[in-house]
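Report on the structure
This is what each chain is made of:
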Amino acid sequence: MTQTTTDLSADRHQARQATGGDVLVEVMRRHGITHAFGVISIHNLPLVEAVSRELTFVEVRHEAAAVNAADAFARVTGGVGVALTSTGTGAGNAAGSMLEALTAGSRVLHVTGQVEADWIGSNRGIIHEVPAQLEMLTAISKSAARITVAEDSARVLEESVATILTPPHGPVSVEWPTDLQYLARPDAQVGAEALPVPAPSEGSVDELDAAAALLAGARRPLLWLGGGAAGAGEQVRELAHRLGAGIITSNSGRGIVPEDDDLVIGNFGSTPQGAALLEDADVLLSIGTHFRSNETRSYSLRLPQQHVQVDVDPAALGRVHPATVGVQGGAAHVVTALLERITQPATEEGWADRSRSVRREVRDHLTGYIGGYAEICGELRAQLPRESVIARDVTIPSSQWGNRLLEMYSRETNVFPLGGGIGQGLAMGIGAAVARPDAPTVVIAGDGGLSVHLGELASLRGSGAHCAVIVFNDSGYGVLRNMQQANDMRRAAVDLWTPDFRALAESMDMPYWRVGTPGSFGPALREALATGAPTLIEVDVTALEPTPGAFTPPVHIPQQEASA
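As named in an unreviewed UniProt entry, the protein is Thiamine pyrophosphate-binding protein, taken from Janibacter terrae. Turning to the protein, the UniProt record has this under Cofactor (unreviewed entry): "thiamine diphosphate". What UniProt records for the protein under Sequence similarities (unreviewed entry) is the sentence "Belongs to the TPP enzyme family."

In C-alpha cells:
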C-alpha cells in the first residue's frame, strides 16, 4: 500500500526530535510569555520553528525592529518581550534597539544565534562569525550570557529572565550556538525552573519617617514622576490630593496618574510656567525619575532645595539633584508608607489651585502655538479609546505636542523611543498592536523616520494588526531644519527624497488617506480605525492651518565668544 503525502507528513511529525526551541517554549510558558518577534535565519531555525508551532511568532524584516517590537510588547503588557535574531550581523543589527531597551529599562529577552560551539573565537571566517559578539552584547544589555552546554539551556534562560525581572529592570541577551540549539532537549535540562526574583526594598523606617516629616511640613509641595513610579499610580494620586501638590512628569512618567486629573501638570516642567512653579515650591518629591537633560533645560532648571527622592536604584539618589532625604525602594511600597504617616499636611491655602492654573496655562499656550496640529491632537484623543496605545517616533508632532499635549491615561499606552533614536516608532507600534489587539493602536511618525524601516510596513500588513500609521510629511528632517535655522547654521542633509506614500500603501494593500487641510483629518481617522486593519494616513504638513509655530529641540549649542 502506497503512503499518501499526508501520511508521510504525519510520520515525520511523530518522529520529530525535540530541540532547544522546545526548551525556549517551556521557559516562555513558565513566565506567561505568548509571543516572540524576530527574523528567521539558518542560525535560529529550531527556535523559530518551535515558537511558531507552539506559541506566536511575529515576523519582522529587520533585527532592530524585532527588538523594538519586543520592547513595546513588554511595556504594554508589563511582562517580558522576546526577540529572536541571527548571529553576527543579525545581532549587530539589533544593537541600536537594545540600547533603547537598556535606556528605557525594558524587560526584553534577546536570544541570538552563535556559530557552532567548537568554532567560537576561532576566527576561521565562518559565516556570521564575530570574534567578540558576547562582549558587544554585554555592552548593549543589562547582562549577557552564552549557552555552552546543551543541557544548560533552560538554566541560562531562566537566569536571564530573573535578571530582567530584578529591579532595576533591563534587557538581557543570550547567545545560543546553532549546534546546541539542535541538541538541547527539554527532558535533559538542568535547573529548568523559574528562579525567585527579589522584591524591591520598601525603604528603611528612618528614611520613611524623615521623608514624611519633610512632606507633612511643606507649605508648597510638588511631585515629579518618572517611569520608576509605574505601578504606584493610585497611591501617588491619593498622596498628591492629600498634599494638594501638583504633579510634573517626565515623558516616561506620563499616564501613571491619568492626565485628565486636575492636579497633573504633566511633561511641562521646563516651560516658563512650570519653571516658575518649581521655583516657588518649597519641597519636591521625585519618584523614579532621571531628571533627564531635555526635561530640565540641560540641568539648568532650578528645583526646590528641599528634595525627597524615591528610587529603587540606590545609585540614582542624588545623582542629578541633591536629595535632602533619599529613600531606596519600590514606588508603590514607599508611597503607601508615606500615606500612612502623613495625615495632616501643612500645605498653604490656594497652592493646589496654583498648580491647576499652571496646568491650564501650559495647555492653552501650546494648543495655540501648534496651529493646525491642534485639530489633529484633539481628534486623536476624541476618537481613540483610553486604552489605545499611541506609539510615537522622533518627529515634530511627537516632540512638540505628542509628548505633552496628547493626554495619556495609563503609562502602558505611552510608547516612544526614550533614547531619542529616530525610526523606531513603527516597529514599536507593531509590538504594541500585537500586545493589545482589542483596541486600535496609532503610530505617529515623520516621513524621515518612517523611511528608516519602510520594510516594517510589510511586517505590519502581514500581522493584520489593528494599527493606523500616521506619517507627517514635510519631505525631510523638519526638527533638524529648525535647529539649523535657529542657530544660523547652513541648511544641509535635511531635505530628503520622499516616497510616494499612496503608491507605497497600494503596494502593501493598505487603505490610505492624504489629509492636511482643516477638517480633513477627523473623517480619515474615523474611517481608518473602522477598518480594524493596518492603514496609512499621510498628513501634508504644508497644508495645515493655522501654520504651526516652529519647534526647535531643547539641545544646548555652545556659543563661542566673539574675538576682541
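From this point, the discussion proceeds with the structure in view.
Attention now goes to the overall build of the protein. Across its full length, the protein carries 22 helices and 18 strands. For a compact globule of 564 residues, the expected C-alpha radius of gyration is about 24 Å, and the protein comes in at 25 Å, within 12% of that figure. Looking at the 564 residues of the protein, the share that counts as buried comes to 55%. Expressed as a percentage of contacts within the protein between residues at least 6 apart in sequence, the contacts between residues at least 24 apart total 76%. Across the protein, 41 positive and 64 negative side-chain charges occur, with their mean positions spaced 3 Å apart.

Taking burial as the measure, the six residues of strand β18 (residues 535–540) include six buried ones, the bulk of the element. Judged by which residues are buried, β18 turns out to be covered on both faces: T535, I537 and V539 on one side and L536, E538 and D540 on the other are all buried. With six bridges joining them, strand β16 (residues 467–473) and β18 adopt parallel strand pairing. In the strand pairing of β18, N473 is matched with D540.

Moving on to the packing of aromatic side chains. Counting across every chain of the model gives five aromatic pairs. One aromatic cluster is present, formed by Y373, W401 and F472 through successive ring pairs.

Another point: the UniProt feature "domain: Thiamine pyrophosphate enzyme TPP-binding" (unreviewed entry) in the protein. UniProt marks residues 400–539 with the feature "domain: Thiamine pyrophosphate enzyme TPP-binding" (unreviewed entry), using the numbering shown here. Annotated as residues 400–539, this span is 39% helix and 17% strand, and its ends, taken at the C-alpha atoms, are 16 Å apart.

For the protein, mean pLDDT is 94; residues scoring 70 or higher make up 96% of the total. Taken as a whole, residues 5–13 scores under 50 in pLDDT and shows three contacts with residues more than four places along the chain or in a different chain.

Let's shift gears to the environment of V190. Within the secondary structure, V190 is located in the loop between α9 (178–183) and α10 (205–216). Put simply, V190 and A150 are 40 residues apart on the chain and 9.5 Å apart in space, counted from C-alpha to C-alpha. Other than its neighbours up to four places away in sequence, V190 contacts E151, D152 and R155.

Right, let's get into the side chain of T112. Within the secondary structure, T112 is located in strand β4 (residues 108–114). Here the side chain of T112 touches T85 through a polar contact of 3.0 Å, side chain to side chain. Excluding its chain neighbours within four sequence positions, the residues that come into contact with T112 are T85, S86, T87, A91, Q133, L137, V174, E175 and W176.

What follows covers the nonpolar core. The biggest cluster of nonpolar side chains holds 48 residues, and the ones touching the most others in it are L460, V469 and L536. For this core, the elements supplying multiple residues, two or more each, are α4 (63–77), α6 (95–104), α17 (425–435), β15 (441–446), α19 (456–463), β16 and α21 (501–507). Grouped together as the second largest cluster of nonpolar side chains are 47 residues, I390, F472, I537 and V539 included.

The axes of two packed helices give the description: the angle between them and the distance between them. Their axes nearest at 9 Å, the elements helix α15 (residues 373–383) and helix α22 (residues 521–531) cross at an angle of 35°. For α15 against α22, the interelement crossing comes out right-handed. Contacts from E375, I376, E379, L380 and Q383 of α15 reach α22 at F521, G522, L525, R526 and L529. Its residues assigned to classes, the contact of α15 with α22 comprises five nonpolar, two polar and three charged.

Further remarks concern unusual backbone geometry. In this structure, P168 follows P167 across a cis peptide bond, with omega equal to -10°. Relative to the helices and strands, P168 resides in the loop between α8 (153–165) and β6 (172–177). A cis amide bond links E545 to the next residue, P546, at an omega of -10°. Relative to the helices and strands, P546 is located in the segment after β18.

Another point: empty space enclosed by the protein. Tallied over the full model, the rule gives two cavities of 30 Å³ or more. Looking at the largest cavity, the residues that line it are G372, E375, I376, V515, G516, T517, P518, S520, F521, L544 and E545. Put simply, the second largest cavity is a space of about 30 Å³. A class-by-class count of the residues in the lining of the second largest cavity yields three nonpolar, three polar and one charged.

Right, let's get into the environment of I537. Relative to the assigned elements, I537 resides in strand β18. For I537, a relative accessible area of 0% puts it in the buried group. On a C-alpha basis, the gap between I537 and I40 in space is 30 Å, while along the polypeptide they are 497 residues apart. Setting aside residues no more than four positions away along its own chain, I537 makes contact with V469, I470, V471, W513, V515, F521, A524, L525 and A528.

Let's shift gears to the pattern of salt bridges. The tally for this structure, following the rule as stated, stands at 28 salt bridges. A salt bridge links E407 to R359; the shortest N-O distance between them is 3.5 Å. Within this pair, whereas E407 is found in the loop between α16 (396–402) and β14 (414–415), its partner R359 is found in helix α14 (residues 351–369), the two being separated by 48 residues in sequence. One exposure class covers both E407 and R359, and it is buried.

The rules we used
- Residues numbered from 1 in each chain as written.
- Predicted model: local features only at pLDDT ≥ 70, side-chain atom pairs only at ≥ 80, totals over all residues.
- Heavy atoms only, no water.
- UniProt positions renumbered as here; feature names shortened; annotations may be inferred.
- Helix = DSSP H or I, 4+ residues; strand = E, 2+ residues; numbered from the N terminus.
- Rg over C-alpha atoms; globule rule 2.2 N^0.38 Å.
- Buried < 20%, exposed > 50% of the residue type's maximum accessible area, 1.4 Å probe, protein only.
- Contact = heavy atoms within 4.5 Å.
- Lys, Arg positive; Asp, Glu negative; His and termini not counted.
- Charge placed at Lys NZ, Arg CZ, Asp CG, Glu CD.
- Pairing = 2+ DSSP bridges.
- Phe/Tyr/Trp six-rings, centres within 6.5 Å; stacked < 30°, edge-to-face > 60°.
- pLDDT = per-residue confidence, 0-100.
- Polar contact = N/O pair within 3.5 Å; in protein donor to acceptor, adjacent residues only side chain to side chain.
- Core = buried A, V, L, I, M, F, W, Y, C linked by side-chain atoms within 4.5 Å.
- Axes fitted to C-alpha atoms, helices over the stretch in contact; angles between N-to-C directions.
- Left-handed = near helix turned anticlockwise from the far one by under 90°.
- Nonpolar A, V, L, I, M, F, W, Y, C, P; charged D, E, K, R; others polar.
- 1 Å grid on protein atoms, 1.4 Å probe; cavity = no way out; pocket = protein on both sides within 12 Å on 5 of 7 lines; lining within 4 Å.
- Points joined across faces, edges and corners; volume = space filled by probe spheres on them.
- Salt bridge = Lys/Arg side-chain N within 4 Å of Asp/Glu carboxyl O.

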